[in-house]
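# Reading the structure
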Amino acid sequence: MRFGIAKLAVVLSAAVLTGLAYSSILNGGYAVTVALTLIIVGVFASSGSASKAVFLAMVLYTVPYTIGASQFLPVAFPTTYRQLAGLILKSSYFSTALPVFALLGLSITADYVEGLERWEKVLKGAGGRNLPYGIPLILLAFALALMVTRLGELGGGALPGAFVLPIALLALGLVVSYASIEGGSYRRVLVAVEVPPVNGSVLIETPDEERVLQVSRSAGFEWRAVRLEAELRGRPRRVLFRGEGRERILSPLVESVDGETLFLLYRLGEKVNIQSPPKKFW
Amino acid sequence: MKKSLMGYVLWALLLGALFLSPGMLGLAIVPLSVLAVGALVDPPKGITVRRGASRREVRLGEEVEVRVKVRVERGVGTVLIRDPLPRSVALVEGSNVRAFFKGLKPLEVEYSYRVRPELRGVYTLPRSEVTTRNPLGTRHTWGLHGEEIRIRAVPEVLKVVPVREAKRKARISVPETSYAVRGALSTDFKEIRNYQTGDPMKLINWKATARMGEVLVNEFEREGKKTVVFIVDARENMKGGKAGESPYERAISLVASMSHRFLRKDYHVGLYLIGTGKFLPPATGPRQLHEMVRTMMEFERVKASGESFAEAVERLKGVLAKYTPLVIYVSNVLEGTKGETRRGLATIRALGRERARPILIDVSVHGADSPEGTLVELEKRAILKELMGTAYIVRWMPGEEAGKVLGRLLGEIG
C-alpha cells in the first residue's frame, strides 16, 4: 500500500507536468493536460509500472525540449526550426531546464521505489524501510544537481562548470569507499573461491606463501558449487584453478572490507545458488 | 539502482550529443549526483555473527536447532544473512535466509531455524554469508561471518528390541572363542582346577588345596568369550534405491543395533566392509560400536572395488580361524553374486569346523509390488533356496521395520 501511494504520487506529478507543458505549446487548455495525464496514468494502471509511465512522460517531454535546445536543427532545417522553436521556447515549461530536471528526478525516484518494492517482496519488511532514508538522499542529490547547474550557468560556460562538482563528489565517494581496501588497513584476508565440483585444485598465491585447496567431485553430492575458504595475512597475488586438464586465472568478483577483514570472493563459472539442486540430473 | 542510474547518464549523453544540445548533456548531472551522494553513504558494517547448534550429534530423523545472533555496528541499509545448507539437510522450521534493516542505531537480532539431516554422515554448515547494501543500493558489501557448524548424523541404534525369548534351544549358537584370544578375567566363577605354571598366587583355593592335598586354583570366566564378525557388503549393489533407504543405509542401522546388543553381552564384535578392504578386528566395549558406525558411515559414499565375498573371506581366514566367530553377512544377493556367496559361506563353515552356521541377511531394494521388483523377487527366491543349506537366511524387505527384523533374528541367536 505504501509503495502504491508513493508510485501514484510520482506518476501523477510527472503526468501533470508533461500535460501542462504540452498544453502550453498546443494552446489546448486543460483538455490536453487532462488527456495526457489520463494516458500516462492509464499506462501506469495497465502495466503497474511507475518507471515505465514516468519514462514515457519524460520521453514525451524531451522531444520538444531537445528540438528547442538543439544546435544542430537550426543549421540543418533553419525555416522549420524557426517556426517550431518560436512555439516551443515561448512556453515557460521549455525555456528553462527545471521541468526536465524534475522529470528525470521523478523517473529516478520511480525506479528506486519499484526496486524497493521488489526487495520488499523478497525480504518481507526489510526493503520498505529503506524508503525514508533513500528519498531524502535522492532529494539531496537533486538539489545538488540544480545547485551545480545554476553555478555552472552563473560561471558563464554552461557545460564545463556544471560537470565539475558532481564528478568531483563521485570521485570523492569512490575514494572513500575503496580507501580501506587500497590503503591496506585490514589485517586478515578471507578468500572464498566458488568452483564447480570437479576433481582439481585451487592455488592461492600471496607474496609470502602458496596455498593449495583440493576440490573433489564427490563434494557435488551435497553442493551444487563448492566453496573453499582460506584465511591469509595478505592479499593474494593470483588465484588459479586447475582442473579437467585446464588452468584458469580467477579474478575477484566481490571485495569488501569490514573492520580488519578483507573479504574476497572468486567464482568460476556462472553464478549458482550453491545449495540448490542442479537443473538436470545425470 | 547503479545500473539504471548509469543508463540515465548514457541516455542523456547520447541524446545531447545526437542533437548537439548542451541542455540535454547537462541532464546527466542528476543521475551522477545521485551516484555521488550514494557513494558517500556507507552500507551496514561492523558485523558479528554468532551461531550455535542445539546438538552436534543426532540420530537420523532427529532435528537440530541452529541459533543465530547478529550484531551490526555501523552504516545504514539492508542486511541479508544466508546460511547455505547441504542438499541432504532439510530445513524443517524457520528460514536460513533472513533480511533486516539497519537504521541509525546498532542492530542486534537473534533468530533460529531447525534442520534435519536426511542421510547419515558428517555435515558442515558453512559460515553465514552476509550481504549489506546502502539505502540507495549503490554500494554493497559481502562477507563470511560466524563459525562453521559440524553436525554428525548417526544411524538409529535400536536399544530395546522385543525378542521372542521362547524356552527352547536357540537355532543359531554363537561358538566360544578359543582360549588364547579371550579377554581379561571376569568375576564369574567357572570351576576349580589343578594349578598350572604361571597361575597367579591369588587364584589358589587354599581350602580345597588343604583338603585334596594338591594345589588347586579357582577358574573364572573370561570376558569376550564369544565373537561375532559382521561382513557388510559396501559395493554398488547395496547403494541403490531411494536416498536414505538404500540397502547399505539399512545395513548400517541393523549392524549398529545388533552390535549394541552383542557388546552388552561382552562379546567381541568385528567388522569387514567388502569392496573397501576395511577391517575392524574383534573387540569389546562401547568404543567398538562407535568405531564400527563411524567406519560404515565413512565408506557410505566411497566407490567400492570389485572385491568379492569369497575373496573377503579368504582375506579374513586368519581371523576366522583364530576367533571361530559367528559370521553375519549382510548383502543384497543377486544372480551376479550368487556364486561368490556360496563359495564364501562354504569356506566360513569349513573354518568354523561346522560348529555354527553363518547368517546371511539379504536386504532387498525392491518390493514385490512393482514389475521389476517381482522379477528380482523371483530370482532372489531361487538363489536363496540354493543357499539355504550353507547359511541361516534372514530376509529384509523394503518397508519392513528394522525392529521387527532384529527381533526375529535375535530371538534365534543363543
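Residues numbered from 1 in each chain as written. Chains lettered and ligands numbered in written order. Predicted model: local features only at pLDDT ≥ 70, side-chain atom pairs only at ≥ 80, totals over all residues. Heavy atoms only, no water.

A separate point is empty space enclosed by the protein. Applying the stated criterion across every chain, the model contains two cavities of 30 Å³ or more. A volume near 30 Å³ is recorded for the second largest cavity. Along its surface, the second largest cavity is lined by Ser 256, Asp 258 and Phe 263 of chain A together with Ile 47, Val 130, Thr 141, Trp 142, Gly 143 and His 145 of chain B. Elements with a minimum of two residues in the lining of the second largest cavity: β7 (252-258) of chain A together with β10 (140-145) of chain B. Considering every element that reaches the lining of the second largest cavity, the biggest residue donor is β10 of chain B, with four residues. Of the residues that constitute the lining of the second largest cavity, the class distribution is four nonpolar, four polar and one charged. (1 Å grid on protein atoms, 1.4 Å probe; cavity = no way out; pocket = protein on both sides within 12 Å on 5 of 7 lines; lining within 4 Å. Points joined across faces, edges and corners; volume = space filled by probe spheres on them. Helix = DSSP H or I, 4+ residues; strand = E, 2+ residues; numbered from the N terminus. Nonpolar A, V, L, I, M, F, W, Y, C, P; charged D, E, K, R; others polar.)

Moving on: the sheet that holds β10 of chain B. Residues and elements named next belong to chain B. Spatial strand order, β6-β4-β9-β10: four strands in an open sheet with antiparallel pairing. Across the chains shown, the open sheet's two edge strands, defined by having one partner strand only, are β6 (97-102) and β10. Taking the axes of each pair of neighbouring strands and ignoring which way they run, one obtains an average angle of 20° across the sheet. Sheet topology places strand β4 (residues 77-82) next to strand β9 (residues 128-133); five bridges connect them, and they run antiparallel. Its bridge partner being in β9, Thr 78 is matched across the sheet by Arg 133. (Pairing = 2+ DSSP bridges. Axes fitted to C-alpha atoms, helices over the stretch in contact; angles between N-to-C directions.)

In this structure the tally under the stated criterion is 39 salt bridges over all chains. With a shortest N-O distance of 3.0 Å, Arg 55 of chain B and Glu 62 of chain B are connected by a salt bridge. Residue Glu 62 of chain B is classed as partly exposed on the basis of its relative accessible area of 27%. Close ionic contact of Arg 152 of chain B with Glu 57 of chain B constitutes a salt bridge, the shortest N to O distance being 3.3 Å. Of the two residues, Arg 152 of chain B is situated in strand β11 (residues 149-154) and Glu 57 of chain B in strand β2 (residues 57-59); the sequence distance between them amounts to 95 residues. Here Glu 57 of chain B falls in the partly exposed class, since its relative accessible area comes to 38%. When salt bridges that share partners are traced, they join Arg 188, Arg 227, Glu 229 and Glu 231 of chain A together with Arg 82, Arg 127 and Glu 129 of chain B into one network. (Salt bridge = Lys/Arg side-chain N within 4 Å of Asp/Glu carboxyl O. Buried < 20%, exposed > 50% of the residue type's maximum accessible area, 1.4 Å probe, protein only.)

Take the sheet that holds β2 of chain B next. All names here are of chain B. The three strands are arranged β2-β11-β8 in an open sheet whose pairing can be described as mixed. The open sheet is flanked by β2 and β8 (121-125), the only strands paired with a single partner. Averaged over all pairs of adjacent strands, the angle between strand axes in this sheet comes to 25°, irrespective of strand direction. Judged from the three bridges that link them, β2 and β11 form a sheet pairing that is parallel. Within β11, the position partnered with Glu 57 by the bridge is Arg 152.

Residue and element names in this part refer to chain B. Of note in the backbone geometry, Asp 266 takes a positive phi value of approximately 65° without being a glycine. Within the secondary structure layout, Asp 266 lies in the loop between α5 (247-264) and β15 (268-274). Taking the relative accessible area as the measure of exposure, Asp 266 reaches 38% and is therefore partly exposed.

Moving on: the environment of Pro 282 of chain B. Residue and element names in this part refer to chain B. Within the secondary structure layout, Pro 282 lies in strand β16 (residues 278-283). For the pair Pro 282 and His 268, spaced 14 residues apart in sequence, the C-alpha to C-alpha distance is 5.1 Å. Setting aside residues no more than four positions away along its own chain, Pro 282 makes contact with Thr 227, Val 229, His 268, Val 269, Gly 270, Gln 288, Val 319 and Tyr 323. (Contact = heavy atoms within 4.5 Å.)

One pass over the structure, following the stated rule, counts nine aromatic pairs over all chains. Between Tyr 272 of chain B and Phe 279 of chain B the ring centres are 6.3 Å apart and the planes differ by 50°, which places this aromatic pair in the tilted class. By relative accessible area, Tyr 272 of chain B is classed as buried at 1%. The class of Phe 279 of chain B is partly exposed, set by a relative accessible area of 24%. Linked through ring pairs, Tyr 61, Tyr 65 and Phe 94 of chain A together constitute an aromatic cluster. One cation-aromatic arrangement involves Arg 250 of chain B over Trp 396 of chain B; the distance from NZ or CZ to the ring centre is 4.9 Å. (Phe/Tyr/Trp six-rings, centres within 6.5 Å; stacked < 30°, edge-to-face > 60°. Lys NZ or Arg CZ within 6 Å of the ring centre and 35° of its normal.)

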